[in-house]
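Letter by letter, the chains look like this.
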Amino acid sequence: MTTSVIAATGLFTPEQSITNEELVAAYNAWAERWNARHADRIAAGELEALTPSSVEFIEKASGIKKRYVLDKAGILDPARMVPHLPERSNDELSILAEMAVKAAEQAIAAWGKPVGEIGAVICAASNMQRPYPAMAIEVQQALGIEGFAFDMNVACSSATFGIKTAADFIASGSAKAVLMVNPEICSAHLNFRDRDSHFIFGDVATAVIVESAGTSGPGGWDVLGTRLKTVFSNNIRNNFGFLNRAARHDADAISDPSPLGDGKSDKMFVQQGRKVFKDVVPMVSDMIVDHARDLGLDPASLDRLWLHQANINMNEMIGRKVLGRDPSPDENVIILDDYANTSSAGSIIAFHLHQQGLETGDVGLICSFGAGYSAGSVFVRKR
Ligand code: COA
């Protein structure tokens, strides 16, 4: 079987960002307006007044201090609370493809080989801009890549599922090198009027080039093993789809802030955060430990963890369970404070930004988990 190498990575970070202070001020202004608009019904006991969000809660519960976004103004406007991302004509590069291309160009430049050597493009992300034609095919065309391309969606786990798919293509001889991109416009499926979750996500795109060990140069990371797992759960869910497109909570028509009346909408991201925490931490920790042992690796001696950036408590607990001790910040990379949860891109951002200090032969883990539930582990060794 041909083994694979993670040969290069790339990252596109939007120019605009939002601090917790700015986000909370916008939410609280919106909540005040909502309470004023519904004052009679609140006084009559028919509706509950909305309570303010707080910076302290957000930092403690999530570890997030800011997030990058494509459109700050639309999100922070209390009369809108949705990014303003104008539709483009079919002749222009789509916004999701554009982000992916920027990340991919960085990865290709770091790789230093012609795009003609890439045989496939996978766009693996939690929200595609449209059903078809595939975003991946648009990215493929923009970059002048031949071969084939397709989209896949495994929510926050999309990147590790994408890396495994790429490695399997290489093992079977379908391609010698695969470009896998993770463009995430999380701000467009996050409900900024939901106090429980308005702070969670940010926008970003990442790119990974997976190449056959037979053709790759001396750098990069050997892929030692990949493993995937899914278990159905409703605890993280988004019901938006082509059968209910008119029902989406649309902030452009904002005479009443929400069809459900309290900022909630099941046509955007919703989760039972506590249940997710309780279910996913053991599922992911056990999977990592079992996978490591099956590969003949001692989980306690892993040199670095690049976990999905879900929230600080979940990441720290998984790190502790895998290593059997409190990991140092160098061992369990956290980029949540800066980027927030960026769905499938989180573990790849961590991997891309934090490889310093590792030597040839050091072993690390790229791992993602999220809606589905879904989880993927990719063990890598520095070449
Ligand atoms: N500001 C202030 N207080 C808030 C708040 C906000 N924005 N959002 C919720 N609260 C309050 C709640 O009303 C509740 O108050 P109460 O105890 O008086 O009822 C309290 O904070 C705790 O709320 P809860 O939702 O139970 O918070 P939590 O401690 O579970 O943290 C998450 C929420 C989402 C951060 C946490 O559950 C989590 O990290 N879950 C993992 C899920 C995850 O990361 N999913 C991402 C996809 S993988």
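Residues numbered from 1 in each chain as written. Predicted model: local features only at pLDDT ≥ 70, side-chain atom pairs only at ≥ 80, totals over all residues. Heavy atoms only, no water.

## Considering helix H3 (residues 55-62)
Among the residues of H3, those classed as buried are Val55, Ile58 and Ser62. Relative to the axis of H3, the buried residues are bounded by an arc of 70 degrees and lie together on one face. The exposed residues of H3 that point more than 90 degrees off its buried face are Glu56 and Lys60. Two residues or fewer after H3 comes Gly63, characterised by a positive phi angle close to 80 degrees. (Buried < 20%, exposed > 50% of the residue type's maximum accessible area, 1.4 Å probe, protein only. Helix = DSSP H or I, 4+ residues; strand = E, 2+ residues; numbered from the N terminus. Arc of directions from axis to C-beta.)

## Regarding the site of the ligand
Of all residues adjacent to the ligand, which total 19 residues, the nearest are Ser53, Arg195, Gln271, Arg274 and Asn311. Here a nitrogen atom of the ligand and a side-chain polar atom of Gln271 are 2.7 Å apart. Here an oxygen atom of the ligand and a side-chain polar atom of Asn311 are 2.5 Å apart. For the ligand, the protein covers 71% of the area, taking 960 Å² as the surface of the free molecule. For the shell around the ligand, a count of residues per class yields seven nonpolar, nine polar and three charged. Mapped onto the domain boundaries, the shell around the ligand takes at least three residues apiece from domain 1 (4-217) and domain 2 (223-252 + 266-382). (Near = heavy atom within 4 Å. Polar contact = N/O pair within 3.5 Å; in protein donor to acceptor, adjacent residues only side chain to side chain. Areas by Shrake-Rupley, 256 points an atom, 1.4 Å probe, with all protein chains shown as cover. Nonpolar A, V, L, I, M, F, W, Y, C, P; charged D, E, K, R; others polar. Domains from an automatic or database assignment.)

## Overview of the sheet that holds strand S12 (residues 363-370)
Spatially, the nine strands line up as an open sheet ordered S5-S4-S6-S7-S1-S8-S13-S12-S11, and their pairing is mixed. What marks the edges here is a single partner per strand, and that holds for strand S5 (148-152) and strand S11 (304-307). For this sheet, the mean angle separating the axes of adjacent strands, direction not counted, is 25 degrees. Here helix H9 (residues 312-323) sits on the sheet and contacts S11 and S12; the angle it forms with S11, its principal contact strand, is near 145 degrees. Strand contacts of helix H11 (residues 346-353): strand S1 (4-12), strand S6 (177-185), strand S7 (203-212), strand S8 (221-230), S11, S12 and strand S13 (374-382), with the helix running at about 100 degrees to S1, the strand carrying the most contacts. (Pairing = 2+ DSSP bridges. Axes fitted to C-alpha atoms, helices over the stretch in contact; angles between N-to-C directions. Contact = heavy atoms within 4.5 Å.)

## Some points on the environment of Trp30
Note on placement: Trp30 falls in helix H1 (residues 20-37). Judged by relative accessible area, Trp30 falls into the buried class, the value being 2%. On a C-alpha basis, the gap between Trp30 and Ile42 in space is 16 Å, while along the polypeptide they are 12 residues apart.

## Digging into the packing of helix H8 (residues 273-294) against H9
Running from N to C, H8 and H9 cross one another at 35 degrees; their axes reach a closest spacing of 9 Å. Between H8 and H9 the crossing geometry is right-handed. Residues Val276, Phe277, Val280, Val281, Val284, Ser285, Ile288 and Val289 of H8 lie in contact with H9, whose contacting residues are Asn313, Met314, Met317, Ile318, Lys321 and Val322. When its residues are assigned to classes, the contact of H8 with H9 shows 11 nonpolar, two polar and one charged. (Left-handed = near helix turned anticlockwise from the far one by under 90°.)

## Considering the domain arrangement of the protein chain
For the protein chain, the assigned domains read domain 1 (4-217) and domain 2 (223-252 + 266-382). Its C-alpha centre places domain 1 at a distance of 15 Å from the equivalent point of domain 2. With 50 residues of domain 1 at the interface, the matching set in domain 2 holds 43 residues. The contact between domain 1 and domain 2 buries some 3800 Å² in all, and 61% of this surface belongs to carbon and sulfur atoms. Taken as a group, Cys156, Thr160 and Phe161 account for 16% of the area that domain 1 buries against domain 2, more than any other trio of residues on that side. Connecting domain 1 to domain 2 are one salt bridge. In this structure, the salt-bridge partner of Lys66 is Asp338, at a minimum N-O distance of 2.1 Å. For the interface between domain 1 and domain 2, the tally reads 22 residue pairs in polar contact (both at pLDDT 80 or more). Here the residues of the side of domain 1 that touches domain 2 sort into 24 nonpolar, 18 polar and eight charged. (Buried area = accessible area lost by both parts, 1.4 Å probe. Salt bridge = Lys/Arg side-chain N within 4 Å of Asp/Glu carboxyl O.)

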